[in-house]
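What the coordinates show
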Amino acid sequence: MSLTIRPIQPSDNALLATLIRKVFREFKIDKPGTVYTDPTTDALYELFQQPGSAYFVAEENGVIIGGCGVYPTEGLPAGCAELVKFYLAAEARGKGIGNRLMQQSIAAARELGYTQLYLESFP
């Protein structure tokens, strides 16, 4: 297994959007009002150009299998960012890849000056 974790690139947009929507269908949460229908799902690279944000992609043998990032979500207290868009393909789960993505995002949050992270998730 050749695993790479790297910052998001413009060419990742379509592949990440497909992966995220596949995960939503898998868990039967592909509903209006969620990330499933949010137009920013198709433009993650552009979204993460926002100052104070960072997004990382996991690739295994050149195939995108997950992603995770931090974002300065409006309404959060000073020094707090949201851990966002944390998704893994089914075949990538249980291998520690999610942990590596999350640790990379936490390290980026520290570098950006955050002292807290917030996570909103489905059960």
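Residues numbered from 1 in each chain as written. Predicted model: local features only at pLDDT ≥ 70, side-chain atom pairs only at ≥ 80, totals over all residues. Heavy atoms only, no water.

So, about the sheet that holds strand 2 (residues 54-60). Ordered by their spatial adjacency, 5 strands build an open sheet running 1-2-3-4-5, and the pairing between neighbours is mixed. The two strands at the open ends of the sheet, each matched to only one other strand, are strand 1 (3-7) and strand 5 (116-118). Each neighbouring strand pair of the sheet contributes to a mean axis angle of 25 degrees, computed without reference to strand direction. One ladder, built from 3 bridges, connects strand 4 (residues 80-88) with strand 5; its direction is parallel. (Pairing = 2+ DSSP bridges. Helix = DSSP H or I, 4+ residues; strand = E, 2+ residues; numbered from the N terminus. Axes fitted to C-alpha atoms, helices over the stretch in contact; angles between N-to-C directions.)

Further remarks concern the pairing of strand 4. Within a regular beta strand, the side chains point alternately toward one face of the sheet and then the other, so they alternate between its two faces. The element strand 4 is largely enclosed, with a buried count of 8 among its 9 residues. With 5 bridges connecting them, strand 3 (residues 63-71) and strand 4 associate as antiparallel partners. In the strand pairing of strand 4, glycine 66 is matched with leucine 88. Crossover connection from strand 4 via helix 3 (residues 97-111) to parallel strand 5: handedness right-handed. (Buried < 20%, exposed > 50% of the residue type's maximum accessible area, 1.4 Å probe, protein only. Right-handed = clockwise from strand over helix to strand, strands pointing away.)

A few words on the side chain of aspartate 12. Considering the arrangement of structural elements, one finds aspartate 12 in the loop between strand 1 and helix 1 (13-26). Assessed through its relative accessible area of 2%, aspartate 12 is described here as buried. Here the side chain of aspartate 12 touches glutamine 9 through a polar contact of 2.7 Å, landing on its backbone nitrogen. Not counting the four nearest positions on each side in its chain, aspartate 12 is found in contact with Arg6, Pro7, Val57 and Ile64. (Polar contact = N/O pair within 3.5 Å; in protein donor to acceptor, adjacent residues only side chain to side chain. Contact = heavy atoms within 4.5 Å.)

Let us now look at the layout of surface pockets. In this structure, the largest pocket occupies an estimated 760 Å³ of space. In terms of lining residues, the largest pocket is bounded by 26 residues, among which Phe24, Tyr87, Glu120, Ser121 and Phe122 are the most central. Of all elements in the fold, only helix 1 and strand 4 reach the threshold of two or more residues within the lining of the largest pocket. Residue contributions to the lining of the largest pocket peak at 7 residues, all from strand 4. Here the residues of the lining of the largest pocket are counted per class, giving 16 nonpolar, 5 polar and 5 charged. (1 Å grid on protein atoms, 1.4 Å probe; cavity = no way out; pocket = protein on both sides within 12 Å on 5 of 7 lines; lining within 4 Å. Points joined across faces, edges and corners; volume = space filled by probe spheres on them. Nonpolar A, V, L, I, M, F, W, Y, C, P; charged D, E, K, R; others polar.)

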